[in-house]
Number of protein chains: 2
Amino acid sequence: MGKQDGQRTGEAAAVTPRSKDYAQWYLDVIRQGSLAEHSPVRGCMVIRPHGYAIWEKMQRELDDRFKATGHENAYFPLFIPLSFLTKEEKHASGFAKECAVITHHRLKSVDGEVVPDPESKLDEPLVVRPTSETIIWAQYKSWIQSYRDLPLLINQWANVVRWEMRTRLFLRTAEFLWQEGHTAHATEKEALEEVWRMLDVYADFAENVMAVPVIKGRKTEGERFAGAIETLSIEGMMQDGKALQMGTSHYLGQNFSKGADVKFQNKDGQLEYVYATSWGVSTRLIGALIMTHSDDAGLVLPPRLAPVQAVIVPIYKSDEERAKTVEEAKKVFAELKAKGVAVKLDDRDGIMPGAKYYEWEGKGVPLRIEIGPKDLEKGSLCIARRFVAEIEGETPEAQRKRRKAFLPRAEAIASIVPTLDAMQKELFERALKLRAARTRVIDTLDEYEKFFKGEGGGFAWVHWAGDSKDEDEMARRYETSIRNIPFEDQIPPEARGGGKCVLTGKPSKQRVLMSKSY
Amino acid sequence: MGKQDGQRTGEAAAVTPRSKDYAQWYLDVIRQGSLAEHSPVRGCMVIRPHGYAIWEKMQRELDDRFKATGHENAYFPLFIPLSFLTKEEKHASGFAKECAVITHHRLKSVDGEVVPDPESKLDEPLVVRPTSETIIWAQYKSWIQSYRDLPLLINQWANVVRWEMRTRLFLRTAEFLWQEGHTAHATEKEALEEVWRMLDVYADFAENVMAVPVIKGRKTEGERFAGAIETLSIEGMMQDGKALQMGTSHYLGQNFSKGADVKFQNKDGQLEYVYATSWGVSTRLIGALIMTHSDDAGLVLPPRLAPVQAVIVPIYKSDEERAKTVEEAKKVFAELKAKGVAVKLDDRDGIMPGAKYYEWEGKGVPLRIEIGPKDLEKGSLCIARRFVAEIEGETPEAQRKRRKAFLPRAEAIASIVPTLDAMQKELFERALKLRAARTRVIDTLDEYEKFFKGEGGGFAWVHWAGDSKDEDEMARRYETSIRNIPFEDQIPPEARGGGKCVLTGKPSKQRVLMSKSY
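Residues numbered from 1 in each chain as written. Chains lettered and ligands numbered in written order. Predicted model: local features only at pLDDT ≥ 70, side-chain atom pairs only at ≥ 80, totals over all residues.

**Q** Looking at this structure, I do not really get the overall build of chain A. What am I missing?
**A** Within chain A, the regular secondary structure consists of 16 helices and 27 strands. Along the first, second and third principal axes, the C-alpha atoms of chain A reach 80 × 65 × 55 Å. Counting the 518 residues in chain A, one finds 49% classified as buried. For chain A, restricting intrachain contacts to residue pairs at least 6 apart in sequence, the fraction spanning at least 24 positions comes to 70%. (Helix = DSSP H or I, 4+ residues; strand = E, 2+ residues; numbered from the N terminus. Buried ≥ 20, exposed ≤ 12 C-beta atoms within 10 Å, placed from the backbone. Contact = placed C-beta atoms within 7 Å.)

As structure tokens, then:
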């Protein structure tokens, strides 16, 4: 069984190492893991079954959390009449300019070619939703009359389209899948509680399910969602030190309820405009997952999001050996399934074990169970981990033993669930360490320049008192931006308190999080 | 507690009786159940939380069945380039003419009005997918090289758009939600097996989950999906005697693989075009659900699709009574939840019990559990059923007792799951009886005319040997069509065997299913 080690090394070369070309590595991991690919439609991606299965697991985890916090799902139209955007021009100008515009409703054949029928021109063009505030609030008008109808806590799982010229699989595509929460409240206080609650839901999901540590905070005015009074975000650090915004939660005040004229009768019998929130995460999270955990051999998945948590590969040379190892593999499969493990038996014939290992590694499966004739004789199983945490001073030999262990059968079976739990934790800790290693508390522009231009950058905790022009200046000089203004408890103790703005020297009450970003 | 009976009767008048105006009754049930409503976007509906929760239950049941039969989910682009439809003109001409056409990708503001930016005109217009064969098969080309890549068993949950001028909530809307399976096979035999397998999956879902009996069969040539060699369907009967096509499964032969040039190397090393199937069901099923089971008081849901299977309503006059009944209600809630019942505790204050009963009845909740001070004293619970099966010769008094029973607490709790199971079965049997009562074996046009013009119609088993012009003639005269050519085992024994065509008198091998339809 030594063969697959050599084979793995040889074939793993198919993934470009991160150190050589990070952007290519990202694409290679996606290809190797069969996660997604470009389509013939400009800017639109195809999410392949393995990528979609990860999205389904994310959806289930998020949806359970939305429902546990009192939300219900609903579905609103894909199309928005242009007049809605005219009405909300301030809102529209922020992000809705690049979008798909529908102008006709019929095709016809002309000399064998299919073209839009000029006679089917719409009186009013429609846009494909880039987000749904306007269309949803138009509906809320008839749903909300009294304080008894509030809070209205609705979420939608949907596709949205924002025309993008430069696309990147999962991170930026013209069409993407997401969820958008849209809630209505009787008071500002309740609405703000909702905004903070949903940010916490996202942070909990990111850290405990995706194993990606995040920093929670407020966006600066320039980075706010168009029409929002306050935008909160969670920001994760990718392995190249750049930040990725993983979720946002907006307090919309009465902007949209005024736009759509949604009033309610409060307990005192007076009419008041409703207070609104919206919040969303998208398939972009799969990009964050890839860039946080994967390695030069391909995708690495946290067990809680792995569509397959353990794959069983029987190893044999003769038909007789095949019969025996497959029989044992089926037993192991049944035992693990009974324990709630998402287990897969790969008994495809005619494919060498090494090729199977390679395929499942590329798909990020956390555990592999190899069953060969010798394991049957000895009553053992071989458990191979997709990754192990680094231990300082450990010999390569010792690490190899942790990576691939031969255990007595009963012990092996009993170890699967605890090992998956441990791997989930280890991934989070590894990401936390990486973030710590690339985070600096910085007080001068010299240090800042050195960090971002000489040392590859990462997260910088800096004092800030500039305006939006100053932010632009930092972007121009260093390609960095304020990711968010973190909540007090998100700031490392050594970086708390007041100081002087790193650019302007003006007094600053607290540090902000600056970095390059996706 | 007698009050709510009077109240229920009074308020139930809000739903138009079926006998008075069936189309209005359908709309009233939807409104009363808060299932869906029209949106300001022509032809597009809003699916409200209760309607969407039913769809989610349908999705879960269907998705489990798709996965159990080896399918995986994936996601393909919303947009299809026009050139794809030109290439598949035969396919496109069948149904893709009425569709949303995207011609621009940017908006701009002109004097405060948002309009398409003329400079953003697309070189090639895109259509919003009316179905995804063309875009999916373009992708399959790179996924399939060898027989080892087959079968490829993929399903997509998505929204699709077919421009419709005359829309009807759930039954016919411009945008609707559906699933579309698209599979690729190495042989015609395997592909045909898949087509039949998925029809069986749909029939199983319709009968055992939706409690709607269906008739399985082949569509006639004129009713086939554009590009299909064979289209199978399941047809249910609505309470007005009309048929509703509830799902279709298509054998596409090599039509789409030839169009997209998808070949594979077979076991003998030769290149061959792949064999294809597709199959789908949509939110239309919610329309079928409503029209099969609901009554003049509103929505009736089979327990297996009820988002809330049992609602608990505490009844009180004083604060002290409230404290006691709510406490007991919480206990009952926990006990039922532990049994896996989808239970809801409605302890909203300030709303009369009668109003609550009315609301939950309108939402089709199968069981209501009332807990009043007297129930606490007696140690009993009141269990009210949303419907009971009719028993011939039963007195109204006896039926009332079955509809609403006071049972000792332990007995009541123990009865919930068996009662839900029984109600599921009773709904199916009631629908089966209704269908039988409105089904005729018909041999002459006189009888046929009498059935459809005098007796309100239903399902007619008739011999048929006409061509498509003859089918048009039947449609013109009676507004009926051949729903499908049922499989032998779907035909009642008394209607089996050969005979003479009801219209042309030509010899016919078997009867077909004719009726009016949605």
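The discussion continues.
**Q** Teacher, can you tell me more about the sheet that holds strand 19 (residues 367-371) of chain B here?
**A** Within a beta sheet, neighbouring strands are joined by backbone hydrogen bonds and run either parallel or antiparallel to one another. All names here are of chain B. Taken in spatial order, the 5 strands line up as 18-17-19-20-21 in an open sheet, and their pairing is mixed. Every interior strand has two partners, whereas the edge strands, strand 18 (343-345) and strand 21 (404-408), have only one. Neighbour to neighbour, the strand axes of the sheet diverge by 25 degrees on average, direction disregarded. Sheet analysis places strand 17 (residues 310-314) next to strand 18, joined by 3 bridges and oriented parallel. (Pairing = 2+ DSSP bridges. Axes fitted to C-alpha atoms, helices over the stretch in contact; angles between N-to-C directions.)

**Q** Is there a simple way to think about the environment of V308 of chain B in this case?
**A** All names here are of chain B. The topology assignment puts V308 in the loop between helix 9 (284-293) and strand 17. What makes V308 partly exposed here is the crowd of 19 C-beta atoms within 10 Å. When the C-alpha atoms of V308 and G354 are compared, they prove to be 18 Å apart, with 46 residues separating the residues in sequence. Ignoring any residue separated from it by four or fewer positions in sequence, one finds V308 in contact with A342, K344 and V365.

**Q** What's the story with the domain arrangement of chain A in this structure? I'm lost.
**A** Quite often, the size of an interface is put as the accessible area lost when its parts meet. Per the domain assignment, the segments of chain A are domain 1 (28-99 + 129-293), domain 2 (303-422) and domain 3 (439-515). The distance between the C-alpha centroids of domain 2 of chain A and domain 3 of chain A comes to 46 Å. (Domains from an automatic or database assignment.)

**Q** Sorry if this is basic, but what is going on with the nonpolar core here?
**A** Taken as a class, soluble globular proteins show a tendency for nonpolar side chains to be buried jointly. By size, the foremost hydrophobic cluster in this structure holds 297 residues, and its most contacted members are V127, Y202 and I312 of chain A together with V127 and I312 of chain B. Setting aside anything within four residues of it in sequence, one finds Y202 of chain A in contact with I234, M246, G247, S249 and V281 of chain A. (Core = buried A, V, L, I, M, F, W, Y, C linked by C-beta atoms within 7 Å.)

**Q** Is there a simple way to explain the sheet that holds strand 3 (residues 72-73) of chain A in this structure?
**A** Residues and elements named next belong to chain A. Across the sheet, 11 strands lie side by side as 3-9-10-16-13-12-11-24-27-23-22; this open sheet has mixed pairing. The sheet terminates laterally at strand 3 and strand 22 (439-441), the two strands that pair on one side only. Examined bridge by bridge, strand 22 and strand 23 (residues 459-463) share 3 bridges and lie parallel to one another. When the sheet's bridge partners are listed, R440 is paired in strand 23 with A460. Along the sheet, helix 9 (residues 284-293) makes contact with strand 10 (175-185), strand 12 (230-237), strand 13 (243-253) and strand 16 (275-282), crossing strand 13 at roughly 145 degrees.

**Q** Please explain the relation of the copies chain B and chain A as it appears in this structure.
**A** A rotation about an axis combined with a shift along that same axis relates the two copies of the chain. Under the fitted operation, chain B is carried onto chain A by 0.0 Å of movement along the axis and a turn of 180 degrees, and the coordinates agree to an RMSD of 0.0 Å. Taken together, these values place the two copies in the relation of a two-fold axis. Rotation axis and chain B: the residue whose C-alpha lies nearest the axis is I102 of chain B, separated from it by 2.1 Å. Most of the interface of chain B is mirrored in chain A, where 100% of its interface residues are also at the interface. (Least-squares fit on C-alpha atoms with pLDDT ≥ 70 in both.)

**Q** How should I be thinking about the interface of chain B and chain A in this particular structure?
**A** Of the residues lining the interface, 56 residues belong to chain B; the matching set on chain A comes to 56 residues. Residues belonging to the side of chain B that touches chain A are distributed by class as follows: 35 nonpolar, 11 polar and 10 charged. Sheet topology places strand 5 (residues 101-104) of chain A next to strand 5 (residues 101-104) of chain B; 3 bridges connect them, and they run antiparallel. Across the sheet, the residue bridging to H104 of chain A is V101 of chain B, located in strand 5 of chain B. (Nonpolar A, V, L, I, M, F, W, Y, C, P; charged D, E, K, R; others polar.)

**Q** Sorry if this is basic, but what is going on with the pairing of strand 9 (residues 152-161) of chain A here?
**A** Along any regular strand, the residues point their side chains to alternate faces of the sheet. Residue and element names in this part refer to chain A. The buried fraction of strand 9 is high, at 8 of 10 residues. Note that strand 3 and strand 9 share 2 bridges and pair parallel. Within strand 9, the residue paired with N73 across the bridge is N155. Across 10 bridges, the pairing between strand 9 and strand 10 is antiparallel. In the strand pairing of strand 10, W157 is matched with Q179.

**Q** Please clarify how the pairing of strand 6 (residues 107-110) of chain B should be interpreted in this entry.
**A** Residues and elements named next belong to chain B. As paired strands, strand 6 and strand 7 (residues 113-116) are joined by 4 bridges and run antiparallel to one another. Counterpart to L107 in the pairing with strand 7 is P116. In this antiparallel pair of consecutive strands, strand 6 and strand 7, the connection spans 2 residues, and D111 shows a positive phi of 50 degrees.

**Q** Got a minute to help me understand unusual backbone geometry in this structure?
**A** Glycine aside, a negative phi is what most residues show, and trans is what most peptide bonds show. All names here are of chain A. With an omega of -5 degrees, the peptide bond between L150 and P151 qualifies as cis. Following the sequence through the fold, P151 ends up in the loop between helix 6 (133-143) and strand 9. Even without glycine at this site, E479 takes up a positive phi of about 60 degrees. You can call E479 partly exposed: it has 14 C-beta atoms within 10 Å.

**Q** I'm lost on the environment of W143 of chain A in this one. Help?
**A** All names here are of chain A. Tracing the chain through its elements places W143 in helix 6. A C-alpha to C-alpha distance of 17 Å links W143 and G70, two positions 73 residues apart in sequence. In this view, W143 contacts D149 and L152; residues no more than four positions away in its chain are not counted.

**Q** Is there a simple way to explain helix 9 of chain B in this structure?
**A** Since the α-helix packs 3.6 residues into each turn, any two residues three or four apart lie on the same face. In terms of burial, helix 9 of chain B is a largely internal element, 10 of the 10 residues being buried. Within helix 9 of chain B, burial applies to R284, L285, I286, G287, A288, L289, I290, M291, T292 and H293 of chain B.

**Q** Explain the confidence of the model for chain A to me, please; I cannot follow it from the model alone.
**A** Note: predicted coordinates in regions of low pLDDT should not be interpreted at a detailed level. All names here are of chain A. Here chain A averages 94 in pLDDT, and 96% of its residues register 70 or above. Contacts of residues 1-12 to residues separated by more than four positions or lying in other chains number 16 contacts, the stretch itself having pLDDT below 50. Predicted as a complex, the structure gets a pTM of 0.95 and an ipTM equal to 0.95. (pLDDT = per-residue confidence, 0-100.)

**Q** Sorry if this is basic, but what is going on with the environment of G364 of chain B here?
**A** Residues and elements named next belong to chain B. The topology assignment puts G364 in the loop between helix 11 (353-362) and strand 19. Taking the C-alpha atoms as reference points, G364 and H38, 326 residues apart in sequence, are found 21 Å from one another. Those residues in contact with G364 that sit more than four places away from it in its chain are G33, G298, L299, V300, L301, A306 and R386.

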